[in-house]
Amino acid sequence: MYQVSEDYLDKMLDQVQTHRLRGTVNNISFTENDVIGVSYSNQCSPKTVTLGSVNIGVLKLTFLSDLLDRGDYYGKAIEISDGLKLEDNTFEDVPLGVFYIAEAVRTQEGMIDVTAYDVLSKLDKSLNLDQTSGNVYSFCQYIATQTNTTF
């Protein structure tokens with residue numbers, strides 16, 4: 001869980017809040033002025049847990065204009081954060097995560113609809129182990145190498 005200040009926690013109780021969006025795609029910065037229709041969901045169901053499954057976060061947003069050529073979005077990382085305006089008129093940003101673009105579609109209006117998945121999507125694949133004994137570190141190291149993921 002991400003640590004926030006007491007001021008942030010106090011402001012979260014207000015009925016009226018001001019937020020901002022900040023992020024990067026392939027090290028190109030964007031703000032809430034560059035996007036519409038932002039949504040984030042996690043595929044984890046609170047009612048069921050399936051052993052061996054991966055609960056993947058999904059980020060969907062629409063860029064109003066091209067930050068990259070449409071074909072260049074695929075596989076690129078989106079880092080995104082949500083900022084809450086505090087009483088002293090500063091913003092405290094909370095990172096929402098790093099997502100990898102799986103789909104980028106141009107709309108009829110000329111915008112780019114992007115669908116991206118968090119790093120857990122790299123773990124949603126079959127795994128054939130060469131060995132069935134070892135310590136937890138060895139298994140984690142093997143998985144990290146096979147999925148190009150750091151723990």
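Look above for the structure.
We now turn to the structure provided with this report. (Residues numbered from 1 in each chain as written. Predicted model: local features only at pLDDT ≥ 70, side-chain atom pairs only at ≥ 80, totals over all residues. Heavy atoms only, no water.)

Overall, antiparallel pairing links the seven strands, which are arranged S2-S1-S5-S6-S7-S4-S3 in an open sheet. In the strand order of this sheet, the two ends are held by strand S2 (28-31) and strand S3 (35-42), each with one partner. Across this sheet, the average inter-strand angle for adjacent strands is 30°, counted without regard to direction. Where strand S5 (residues 77-85) and strand S6 (residues 91-106) come together, nine bridges link them in antiparallel fashion. Bridge pairing links Ile 78 to Phe 99 in S6. (Pairing = 2+ DSSP bridges. Helix = DSSP H or I, 4+ residues; strand = E, 2+ residues; numbered from the N terminus. Axes fitted to C-alpha atoms, helices over the stretch in contact; angles between N-to-C directions.)

Val 25, Phe 30, Phe 63, Tyr 73, Ile 78, Ile 80 and Val 114 are the most contacted members of the largest nonpolar core, which totals 17 residues. Of all the secondary-structure elements, those providing two or more residues to this core are strand S1 (19-25), strand S4 (57-63), S5, S6 and strand S7 (112-118). (Core = buried A, V, L, I, M, F, W, Y, C linked by side-chain atoms within 4.5 Å. Buried < 20%, exposed > 50% of the residue type's maximum accessible area, 1.4 Å probe, protein only.)

Leaving glycine out, the prevailing phi sign among residues is negative, and the prevailing peptide bond configuration is trans. Of note in the backbone geometry, Asn 27 takes a positive phi value of approximately 65° without being a glycine. Counting through the fold element by element, Asn 27 comes out in the loop between S1 and S2. When its relative accessible area of 73% is taken as the criterion, Asn 27 is described as exposed. The phi torsion at Asn 89 lies on the positive side, around 70°, for a residue other than glycine. By the element assignment, Asn 89 lies in the loop between S5 and S6. Taking the relative accessible area as the measure of exposure, Asn 89 reaches 54% and is therefore exposed.

Next up on the list: the side chain of Thr 115. In this structure, Thr 115 sits in strand S7. Contacts of Thr 115, omitting those with residues within four sequence positions, involve Val 58, Leu 59, Lys 60, Tyr 100, Ile 101, Ala 102 and Glu 103. (Contact = heavy atoms within 4.5 Å.)

Below, the discussion takes up the side chain of Glu 92. Looking at the secondary structure, you find Glu 92 in strand S6. Buried and without a salt bridge, Glu 92 has Arg 20 as its closest oppositely charged side chain, separated by 10 Å. Within polar-contact distance, the side chain of Glu 92 engages the side chain of Ser 5 at 2.5 Å. (Lys, Arg positive; Asp, Glu negative; His and termini not counted. Salt bridge = Lys/Arg side-chain N within 4 Å of Asp/Glu carboxyl O. Polar contact = N/O pair within 3.5 Å; in protein donor to acceptor, adjacent residues only side chain to side chain.)

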